[in-house]
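Architecture at a glance
As a plain string of letters, each chain reads:
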Amino acid sequence: MKKLIAGFALGLSLAIAAPHAVAQAQAPLTWVNPQRQATDLGFDEQLWRSYYGGAGDKAALIQSIDHSLRYLNTPSAAEAYRNYPIRWITRDRTRRSLLRFRELLQTARSPQELQAAVKREFTFYRSVGLDNQGTVYFTGYYEPIYQASRVRTAEYRYPLYRRPADLEQWAMPHPTRIALEGVDGMGTDSRLAGNELVWLRDRLEAYLVHIQGSAQLKFPDGSIMTVGYHGSTDFPYVSIGQLMIRDGLHPRDGFTLPKMINIFNQQPDLLTRYLPQNDRFIFFRDTQGAPATGSLGVPVTADRSIATDRDLMPAGALALIRTQIPFPDGNGGIAAPTVSRFVLDQDRGSAIRTPGRVDVYMGTGEVAGLRAGVMGYRGQLYYLMLKE
């Protein structure tokens, strides 16, 4: 997954059911007339009322806009836009677009009023998607909360590691996952001995922290540590979900993270078979309680931050997604209505190499994990730029 907390957005393992990408168009974005798109495009009722009940998240979106504005004032933003391949999308235009949208957001009295103003004042650029027809595949990622220990015990045996001080000097190819953590995942006789940051009690949970890129860890004394990405070995990410589908453990359709976890719980020996097939190994650091942070170096916001291919999409920009998004239905299940949401492009997916994939940040904890784990829907992605 992505450069999440220290900049590694991974929502990678959740792309287990993604279709194969086709050859991308020459440009990742194309102009469209918003009046000829779906009539609900830009109708974002969650800004005024929450699916969980109570007030909407307008304040959270404004704060997320401010995070993007802060990023756009950095030298790294200047460099990113200096090399951006679409000449009419510039850092200045992106900044002005955010500032104007922020004004509209503060003054609009209803989702209808905001939708009308945005369609009137902004130009819409749609991602060409997986098929050059605008089809984008959406998945989710989140920040898990797990039990952990600062010392190894009989219960807590699976380590997360700090970045080795000499990582830059490691010979290529880098050691495999098995070489670093052993067949059983416990790191016996590992060259990383002494770099253990914390220990978890469940091997799959430790692996999922690698996939999500960050976590909140609760210790037996009640204290909490936040950890985030701090480097990795030089291997491509391999989806164990795809491998399990290939081997017939579950049909492609409907294979979600909760179902994957259930398979491993029923057949724990499969952990030794599948986890070592992803050689990409993540190192972590104590982030001192900082919120989950994306690849732009700013916090990501639940339901309002997305991760994309940073080489193709404008960093920090205002975007609009139209897809199904899962929510608890209040009866112990999940509903996934088709919605339209204003979001900020604030993270990158290390396995996302196409204009047709987006990861949506779902937040922290169990509910966020449930939502992220079942999200896998097609939809559309638009970037909004103030009309010149």
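Every chain is numbered independently, its residues counted from 1 as its sequence is written. Residues qualify for local features only when their pLDDT is at least 70, as the model is predicted, and side-chain atom pairs are given and counted only at 80 or more; totals for whole chains, interfaces and linings, by contrast, use all residues. Excluding hydrogens and water, the side-chain values take into account all heavy atoms of the structure.

The next point concerns the overall build of the protein. Broken down by element type, the protein carries ten helices and 17 strands. Each radius of gyration reported is based on C-alpha atoms, and the globular scaling rule is 2.2 Å times the count of residues to the power 0.38. Taking 388 residues into account, the globule formula puts the C-alpha radius of gyration at 21 Å, and the protein, at 21 Å, falls close to it. With respect to the principal axes defined by its C-alpha atoms, the protein has extents near 65 × 50 × 45 Å. Exposure classes here rest on a 1.4 Å probe applied to the protein chains alone. A residue is buried below 20% of its type maximum, exposed above 50%, and partly exposed in between. Looking at the 388 residues of the protein, the share that counts as buried comes to 57%. Contact criterion: two residues are considered in contact whenever any of their non-hydrogen atoms come within 4.5 Å of each other. In the protein, the share of contacts with a sequence separation of at least 24, taken over all contacts with a separation of at least 6, comes to 80%. Counting rule for charge: Lys and Arg are taken as positive, Asp and Glu as negative, and neither His nor the chain ends is counted. Where a charge lies is defined by one atom per residue type: Lys uses NZ, Arg uses CZ, Asp uses CG and Glu uses CD. In the protein, 44 side chains carry a positive charge and 37 a negative one; their mean positions are 6 Å apart. The helix count covers DSSP runs of H or I at least four residues long, the strand count covers runs of E at least two residues long, and both are numbered beginning at the N terminus.

Here the focus is the environment of Q133. Tracing the chain through its elements places Q133 in the loop between β3 (122-127) and β4 (136-143). Other than its neighbours up to four places away in sequence, Q133 contacts R126 and V128.

Moving on, we come to the packing of aromatic side chains. Here the aromatic set is Phe, Tyr and Trp, taking the six-membered ring for Trp, and pairing holds for ring centres within 6.5 Å; pairs whose planes are under 30 degrees apart are stacked, those over 60 apart are edge-to-face, and all others are tilted. Inspection of the entire model under this criterion finds nine aromatic pairs. For the ring pair Y161 and F281, a centre distance of 6.0 Å and an interplane angle of 45° mean the geometry is tilted. On the criterion of sequence distance, the pair formed by Y161 in strand β6 (residues 158-161) and F281 in the loop between α9 (269-274) and β10 (282-286) is long-range, its members being 120 residues apart. Take Y161: its relative accessible area is 1%, and that puts it in the buried class. Counting every residue linked through ring pairs, the aromatic cluster contains Y161, W170, F281 and F283.

All right, on to the nonpolar core then. A general tendency of soluble globular proteins is for nonpolar side chains to be buried together. To form a nonpolar core, buried Ala, Val, Leu, Ile, Met, Phe, Trp, Tyr and Cys residues must be joined to one another through side-chain atoms within 4.5 Å. By size, the foremost hydrophobic cluster in this structure holds 95 residues, and its most contacted members are F101, F342 and L381. Examining the composition of this core, we find that seven residues originate from one element, strand β17 (residues 376-386), more than from any other. When residues no more than four places from it in sequence are discounted, the contact partners of F342 are G42, D44, L47, L61, F101, L114, V118, R304, L318, A319, L320 and L384. Among the nonpolar cores identified, the runner-up in size contains seven residues, and Y161, L167, L180 and L192 belong to it.

Here, a strand pair is defined by DSSP locating no fewer than two bridges between the strands. The mixed open sheet is built from six strands, whose spatial order is β6-β7-β5-β8-β9-β10. Two strands bound the open sheet, and with one partner strand each, they are β6 and β10. Here the average twist between neighbouring strands, direction ignored, is 45°. Examined bridge by bridge, strand β8 (residues 214-218) and strand β9 (residues 224-232) share five bridges and lie antiparallel to one another. Bridged to S214 within β9 is G228. Throughout, an axis means a line fitted to C-alpha atoms (over the contacting stretch in the case of helices), and angles, computed between N-to-C directions, take values from 0 to 180 degrees.

Attention shifts here to the pairing of strand β16 (residues 357-364). Burial analysis of β16 places seven of its eight residues in the buried class, which makes it a mostly covered element. Pairing between β4 and β16: six bridges, direction parallel. Looking across to β16, one finds that F138 is bridged to V358. Here strand β11 (residues 305-308) runs beside β16; their pairing, made up of two bridges, is antiparallel. In the strand pairing of β16, A307 is matched with D359.

What follows concerns unusual backbone geometry. Along the chain, M172 connects to P173 via a cis peptide bond; the corresponding omega equals -5°. Its place among the elements puts P173 in the loop between β6 and α5 (177-181). Not every positive phi belongs to a glycine, and N132 is a case in point at roughly 65°. If you trace the backbone, N132 turns up in the loop between β3 and β4.

This part is about the pattern of salt bridges. Each reported salt bridge corresponds to a side-chain nitrogen of Lys or Arg within 4 Å of a carboxyl oxygen of Asp or Glu. According to the stated counting rule, one finds 21 salt bridges in the structure shown. Between R341 and E45 there is a salt bridge, with its nearest N and O atoms 3.5 Å apart. Of the two residues, R341 is situated in strand β15 (residues 338-348) and E45 in the loop between β2 (29-32) and α1 (58-72); the sequence distance between them amounts to 296 residues. For the salt bridge of R82 with E79, the shortest nitrogen-to-oxygen distance reads 2.4 Å. Here the residue R82 and the residue E79 both occupy positions in helix α2 (residues 75-82), the gap between them amounting to three residues, near one helical turn. Several salt bridges converge on common partners, so that one network encompasses D44, E45, D57, R304 and R341.

Relative placement of two packed helices is described by the angle separating their axes and the distance separating the axes. Look at helix α3 (residues 91-107) against helix α4 (residues 111-121): their axes get within 9 Å of each other, and the N-to-C directions meet at 155°. With respect to α4, the axis of α3 lies roughly antiparallel. The handedness of the crossing between α3 and α4 is right-handed. Here R100, F101, L104, L105 and T107 of α3 come into contact with α4, specifically with E113, L114, A117, V118 and E121. In this count, Pro and Cys sit with the nonpolar residues alongside Ala, Val, Leu, Ile, Met, Phe, Trp and Tyr, while Asp, Glu, Lys and Arg are called charged and the others, Gly among them, polar. Partitioning the contact of α3 with α4 into residue classes produces six nonpolar, one polar and three charged. Comment on the angle field: the value is read as roughly parallel under 35 degrees, roughly antiparallel over 145, roughly perpendicular from 65 to 115, and oblique elsewhere. Left-handed describes a crossing whose near helix is turned anticlockwise from the far helix through less than a right angle; right-handed describes the clockwise counterpart.

Summary statistics for the protein give a mean pLDDT of 91 and a share of 93% for residues scoring 70 or more. Note on scores: pLDDT gives the predictor's confidence for each residue, bounded by 0 and 100. Note that pLDDT drops below 50 for residues 1-25; the model gives that stretch 134 contacts with residues more than four away or on any other chain.

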